[in-house]
Structure formats: structure tokens, C-alpha cells
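Letter by letter, the chains look like this.
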Amino acid sequence: MASALEQFVNNVRQLSAQGQMTQLCELINKSGELLAKNLSHLDTVLGALDIQEHSLGVLAVLFVKFSMPNIPDFETLFSQVQLFISTCNGEHIRYATDTCKSRLTKALPLRGVVVLKQAIDKMQMNTNQLTSVHADLCQLCLLAKCFKPALPFLELDMMDICKENGAYDAKHFLCYYYYGGMIYTGLKNFERALYFYEQAITTPAMAVSHIMLEAYKKYILVSLILHGKVQPLPKYTSQIVGRFIKVRANSTDGMSSIRALLFSLTTFARDSNTGLVKQCLSSLYKKNIQRLTKVDAFVCSCILNQCFSAPRCASVQIEDGEIYASINQKDGMVCFHDNPEKYNNPAMLHKIDQEMLKCIELDEKLKSMDQEITVNPQFVQKVRQSDNVYIYIYIYNFFLTYAWMYFAL
Amino acid sequence: MQQLGINMPAAVIMEENFDKLLEQCESQELEAPGGIATPQVYAQLLALYLLHNDMNNGRYLWKRIPQAIKSANPELTSIWAVGQRIWQRDFPGIYTTIAAYQWSENILPVMEALRESTRQRAYSLVAQAYTSIAADDFAAFVGYSVEEAVKGVVSQGWQADPGTRMVMPKKPDPPPVSLVPNEQQLARLTDYVAFLEN
């Protein structure tokens with residue numbers, strides 16, 4: 001048995017030195033069983049391999065160790081993983097994604113967060129690249145109830161996806177946006193959460209995905225909290241959503257009334273969305289007050305309190321900047337004002353500048369993507385192959401839809 | 001008697017210190033062995049979140065602190081009591097809860113800064129939202145006695161009517177905006193036109 005292990009070590013050394021990553025990957029995938037049979041010798045194997053030069057080999061050994069049903073010494077293993085991730089060669093591990101990241105969620109989500117952040121830094125080619133580890137980081141943050149570590153990654157707009165030798169799956173993409181949406185919902189950044197859920201729902205799809213279904217339910221609730229109504233989905237949503245997911249979500253046509261919300265509380269409680277539904281209720285009160293601002297200039301404050309059973313709600317909303325009003329305690333009246341913003345000051349100009357700059361950057365990005373596609377040999381071949389103009393239009397349309405998604409930011 | 005305006009340099013230095021302290025506490029929590037940090041780290045982190053009015057992170061911190069540490073550390077529970085008052089926007093409650101507990105050395109400066117910042121919030125909220133407010137309510141908002149509160153704001157230009165016991169706040173001046181130099185503006189406009197023409 002030992003000789004088979006020795007052979008494994010030699011092969012790993014050889015292939016790593018020659019830089020033949022794909023063959024190394026295959027070797028590792030086949031040697032899983034071999035390593036599992038020789039658990040006691042794994043430490044010696046680890047000692048024989050260098051972390052920087054033979055990263056993939058070390059990764060395989062660590063993975064097998066984690067796959068054991070009960071792990072005798074978690075702390076040592078954990079520190080080994082930490083050491084590995086901080087010193088491994090980024091080039092190598094980009095090729096293999098069967099890493100032990102899922103094992104870290106078992107015992108200690110919080111500690112896994114730091115490790116995963118390092119892993120993402122290693123695997124990314126540039127900061128706007130989405131890897132499969134992003135989804136796991138978001139999941140760990142949710143389990144640990146600590147959202148700050150994931151925020152720097154969530155705030156960046158993703159422009160690219162890390163290929164990971166073909167192992168990157170739609171599940172990682174959907175999970176990233178679903179979990180990211182949940183994190184933003186927890187932090188009450190409802191606009192960004194809505195955007196993330198929308199990304200998950202509008203992914204081109206040919207089959208129903210449970211992740212999309214759950215994202216759709218949360219999309220409805222967050223849309224209600226933010227806008228008081230369910231925002232219609234953009235046109236590039238795939239037809240799957242309309243035909244299957246909306247029916248299964250079983251929701252919301254009468255959602256704008258409080259009674260309908262209370263009635264559907266039980267339905268949503270099954271999916272553990274109760275917290276969001278309660279927030280919907282309180283936001284409905286706020287929306288009612290906001291609607292009132294458009295109708296009346298003065299309202300007696302006691303009537304306000306009576307009708308909307310929201311004591312001191314008005315002052316809360318004024319503080320949050322949701323309505324513009326002043327309370328006159330002497331006369332017991334609340335006076336509503338128009339938005340005092342006249343859009344004629346330098347601050348507004350500065351804001352417009354920022355938005356224009358973003359648009360210009362986006363345009364440049366799109367131009368470079370367009371160029372990449374047009375010189376892609378496969379694309380050129382396809383265009384030449386069939387004289388059929390319709391295929392060209394189809395592919396170009398697909399690209400335009402893709403570009404539309406980014407433009408609709 | 002506190003002035004409404006802040007003494008700028010001291011406050012800025014304090015803010016930077018608290019920001020650095022916050023970052024340190026957060027990284028300490030993430031790297032703690034076993035995923036559980038010491039009660040001091042938790043207490044400081046929670047107090048700093050309250051100071052920054054970051055109730056979302058504060059709430060989740062409270063959820064992830066283990067129950068054992070919560071029951072063994074009454075200070076932690078008192079910090080959370082202050083947090084609950086802030087969440088419910090119960091201004092008078094905030095002041096009473098802060099005053100009710102004997103804070104340890106680490107937490108005391110944070111709590112005092114919290115009280116001051118709550119007071120500032122209350123002043124600006126009243127100035128923005130109310131055209132007239134009863135003196136008793138106003139005093140409750142800022143945590144002073146009625147005489148002190150009225151005296152403080154009258155010196156800032158607000159009106160007070162002892163007969164009806166009403167205080168008439170003055171709307172605050174909008175903050176000054178930084179102006180962009182003209183050459184830069186022109187360069188930007190040129191960029192926009194070039195972009196739009198293409």
C-alpha cells in the first residue's frame with residue numbers, strides 16, 4: 001500500500017513540475033479512494049509535498065481528511081487548511097474546486113469566513129470576478145449571523161465568472177445572488193436586496209430551480225416593503241418564471257391590503273419568511289402616511305395617530321427622510337411639505353456627474369466585451385458556416401440582452 | 001452647559017479612534033479561537049455599533065453572542081438594554097438606561113460619546129421636524145431638565161414662550177457644499193459631449 005502512495009506523491013511532483021494541470025486534476029480525482037484507504041499515512045504524504053509547488057496534491061489530501069465521518073482533531077486540521085490557503089499557489093487551485101469549503105460550515109461558520117475570504121482573493125483573476133467560493137462565503141456569513149465580511153464582495157459589480165475548469169455551476173451563481181439578497185435584507189438595504197433577487201430570478205433558464213423559487217418569494221416581499229407594490233419583472237426574464245414559478249409561489253395579487261397580508265402570514269410562515277411579512281405590514285403604515293402627504297397639506301396629529309395606529313411614526317419617518325413634514329404641537333397639527341430639493345445646487349450637479357461617469361465606464365466595458373466576442377474564432381466560424389443571417393441575429397441578440405441586463409443597473 | 005455646535009478637532013479625533021477600535025474588535029472576533037471571543041471584545045463591539053447607530057449589525061451581534069456569555073456578564077445585558085431603547089427610538093429611555101449602570105473603564109467613554117451623539121440627534125430632529133414643541137417633551141428628548149434645555153436652545157436662537165411652555169425651534173442652516181473649480185467642470189463637460197457624440 002505504501003508504494004502506491006509513494007507513486008502518487010511522485011506523480012504529483014512530476015506533473016506539478018511540468019505544469020500539466022489537467023492531467024494532475026484527473027490523477028487526483030482517480031486517487032480519491034487510494035487516499036481514503038490510507039488515512040493513517042496521510043500526514044506523511046502531507047509532509048512529502050510542498051504547499052506552494054504541489055498545491056493540488058495537498059488539496060486532495062486535505063479534502064480526503066475532511067471527508068472522514070468523524071474528524072478526531074478539528075483544530076489541527078483547521079489550522080492546516082488555514083496555512084494551506086494562505087500559502088498555496090493560486091494558479092494551481094483555480095483548476096480544482098472540489099475543495100473542503102463545505103466542510104467548514106459544519107462546526108464553526110465564523111472561523112471559516114476568514115479562510116474563505118483568503119481563498120477568494122487567491123482564486124480571483126481580478127476583483128470583479130465571481131467564483132464558486134463567493135456563494136459559500138455568503139452562506140457562512142448567514143449561518144454565523146455576521147454579515148460585514150461579505151459586504152466588500154457584495155458591493156462590487158461582477159463582470160466576469162471564474163471558469164474553474166468547467167466546474168462552475170449555475171447553482172453557485174444563483175446561490176450567490178440569493179444569499180447576497182438575504183444578507184442585504186438582513187441589513188435592511190432593501191434596494192440592493194431587490195436587485196440581487198432580481199438577478200437570481202432573471203437568470204436565463206430552461207428548468208425550474210428551487211433557488212429561483214425562493215428568490216421570487218423574497219422578491220415579492222421586499223418589493224412590497226420598498227415600493228408598496230410588487231414590481232413587474234423585466235422583459236428579459238425567462239418564460240419559466242412566468243409559467244411555473246409564479247404559480248408555485250402562490251401569492252400576492254391582493255397583497256396591497258393589510259388583511260390579505262395577515263391572511264397569507266401562515267403561508268409565508270411555512271417558508272420561514274414571517275419576519276419579512278411583519279416588516280411588510282409596518283411599511284404599509286408608512287406608505288399610507290406617504291400617500292397622505294400627497295393629498296393633504298395639514299392633518300390633525302391626533303387623527304394621524306388614530307387612523308394609522310402608529311404613535312410617533314411621523315417623527316420617525318421625518319428623521320429617516322421618508323416624508324417632509326413639520327409637527328406643530330401647539331395647535332396639534334402636522335403640516336406636510338413638498339420635497340425641498342430644487343435640484344439647482346452643486347451637490348446635485350456632483351451627483352449627476354457621478355452617474356454620468358458610471359454610464360461612460362459601462363459603455364467602455366460593453367465595447368470591450370463586444371470586441372472580444374467579434375474576434376472569438378468560434379463566433380466567426382459560426383457566422384461564416386451558415387450563410388443564414390438569422391443565426392447571426394440570434395447570437396447578437398443574445399449578447400444585447402446580456403448587455404441590457406448590465407445596463408439596467 | 002453644552003453648546004449645540006461641536007468642538008470640531010476633538011470630536012474628529014475621537015471618531016477616528018472609535019473607528020479604529022471597531023475594526024480591531026471585528027477582526028479579533030473573526031480570528032478568535034473556537035469562534036467565540038472574550039466578553040470584553042463583545043461588549044466593546046456592541047457598544048461601538050450602538051455609537052455608530054448601526055442597529056442592524058448590533059442586533060445580529062447580540063444574536064450570535066452565546067447565551068452563556070450573556071448570562072455571565074451583566075454589563076453586556078445593560079449595553080443591549082441601551083440598544084433596545086435606541087431601536088425603539090425611545091430618547092428619554094436611552095438617557096435613563098445609560099445613567100442607570102456603572103460602566104467599566106473600557107465602555108465608559110463609548111457610552112458618554114453615545115449620550116452626546118444621541119443628544120445631537122435629538123436636537124437636529126426637533127429642529128427639523130417640529131415648528132413648536134412642548135417644553136417638557138423637548139426636555140425629555142434631550143435628557144436635560146426643562147430649565148437647562150430651554151436655556152441652552154435660547155442661546156442658539158430658538159424662541160421659548162414661558163407662558164404656554166412651548167419652544168419654537170429654528171430650522172438648521174444647510175451644510176456648506178464644496179465647489180468644483182471651473183477648469184475641472186469644463187473638462188468634465190467636454191468629456192460628456194465627446195462621449196455623447198460617439
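Everything discussed here concerns the structure shown above.
Residues numbered from 1 in each chain as written. Chains lettered and ligands numbered in written order. Predicted model: local features only at pLDDT ≥ 70, side-chain atom pairs only at ≥ 80, totals over all residues. Heavy atoms only, no water.

### A short note on the packing of aromatic side chains
Residue and element names in this part refer to chain A.
Then comes step 1: For the structure shown, the criterion picks out 16 aromatic pairs over all chains.
Then comes step 2: Judged by centre distance (6.4 Å) and plane angle (15 degrees), the ring pair of Tyr 216 and Tyr 219 falls under stacked. Residue Tyr 216 and its partner Tyr 219 are both found in helix H14 (residues 210-227); the two are separated by three residues, about one turn of the helix. Of the two residues, Tyr 216 and Tyr 219, neither departs from the other in class, the shared state being buried. (Phe/Tyr/Trp six-rings, centres within 6.5 Å; stacked < 30°, edge-to-face > 60°. Helix = DSSP H or I, 4+ residues; strand = E, 2+ residues; numbered from the N terminus. Buried < 20%, exposed > 50% of the residue type's maximum accessible area, 1.4 Å probe, protein only.)

### Let's talk about the pattern of salt bridges
Charged atoms that come close allow side chains of opposite charge to pair.
Then comes step 1: Taken as a whole and assessed by the stated rule, the structure comprises ten salt bridges over all chains.
Then comes step 2: In this structure, Glu 26 of chain B engages Lys 148 of chain A in a salt bridge whose closest nitrogen and oxygen atoms are separated by 2.9 Å. Pair noted here: Glu 26 of chain B is in helix H1 (residues 8-31) and Lys 148 of chain A is in the loop between helix H10 (132-144) and helix H11 (151-155), and the two residues belong to different chains.
Then comes step 3: In this structure Glu 26 of chain B comes out as buried when scored by relative accessible area, which is 17%.
Then comes step 4: Across the pair Asp 353 of chain A and Arg 188 of chain B runs a salt bridge, and its minimum N-O distance is 2.1 Å. Of this pair, Asp 353 of chain A sits in helix H20 (residues 346-374) while Arg 188 of chain B sits in helix H10 (residues 182-197), each in a different chain. (Salt bridge = Lys/Arg side-chain N within 4 Å of Asp/Glu carboxyl O.)

### Some thoughts on the side chain of Arg 119 of chain B
Then comes step 1: By the secondary structure assignment, Arg 119 of chain B is in helix H7 (residues 107-129).
Then comes step 2: One polar contact links the side chain of Arg 119 of chain B to the main-chain carbonyl oxygen of Val 142 of chain B, over a distance of 2.9 Å. (Polar contact = N/O pair within 3.5 Å; in protein donor to acceptor, adjacent residues only side chain to side chain.)

### A look at a nonpolar patch on the surface
Residues and elements named next belong to chain A.
Then comes step 1: Among the surface-exposed residues, Val 383, Tyr 390, Tyr 392, Ile 393, Tyr 396 and Leu 400 lie close enough to one another that they form a single nonpolar patch of about 560 Å² accessible area.
Then comes step 2: A per-element tally of the nonpolar patch places helix H22 (residues 389-407) first, with five residues.
Then comes step 3: Looking at the secondary structure, you find Val 383 in helix H21 (residues 377-385). (Patch = residues over 30% accessible without salt bridge, like charges linked within 9 Å, V, L, I, M, F, W, Y side chains within 5 Å. Areas by Shrake-Rupley, 256 points an atom, 1.4 Å probe, with all protein chains shown as cover.)

### What to know about helix H12 (residues 170-186) of chain A
Then comes step 1: Under the 1.5 Å per step criterion, the end-to-end length of H12 of chain A is 24 Å for 17 residues, consistent within 8% with the ideal 24 Å.
Then comes step 2: Following H12 of chain A by one or two positions, Lys 188 of chain A adopts a phi angle in the positive range, close to 65 degrees. (Expected span 1.5 Å × (residues − 1).)

### Focus: the interface of chain A and chain B
Then comes step 1: Contact with chain A, which involves 35 residues of that partner, is made by 34 residues of chain B.
Then comes step 2: Counting the surface lost from both chain A and chain B, the interface buries some 3400 Å², and carbon and sulfur atoms represent 59% of this.
Then comes step 3: Taken together, the connections running from chain A to chain B amount to two salt bridges.
Then comes step 4: Linking chain A with chain B are five residue pairs in polar contact (both at pLDDT 80 or more).
Then comes step 5: Put simply, the parts of the chain that give the side of chain A that touches chain B at least two residues each are helix H9 (109-123), helix H19 (313-320), strand E4 (325-328) and H20 of chain A.
Then comes step 6: Looking at which element gives the most residues to the side of chain A that touches chain B, the answer is H20 of chain A, with eight residues.
Then comes step 7: Its residues assigned to classes, the side of chain A that touches chain B shows 19 nonpolar, five polar and eleven charged. (Contact = heavy atoms within 4.5 Å. Buried area = accessible area lost by both parts, 1.4 Å probe. Nonpolar A, V, L, I, M, F, W, Y, C, P; charged D, E, K, R; others polar.)

What is shown is where atoms sit, not what they do.
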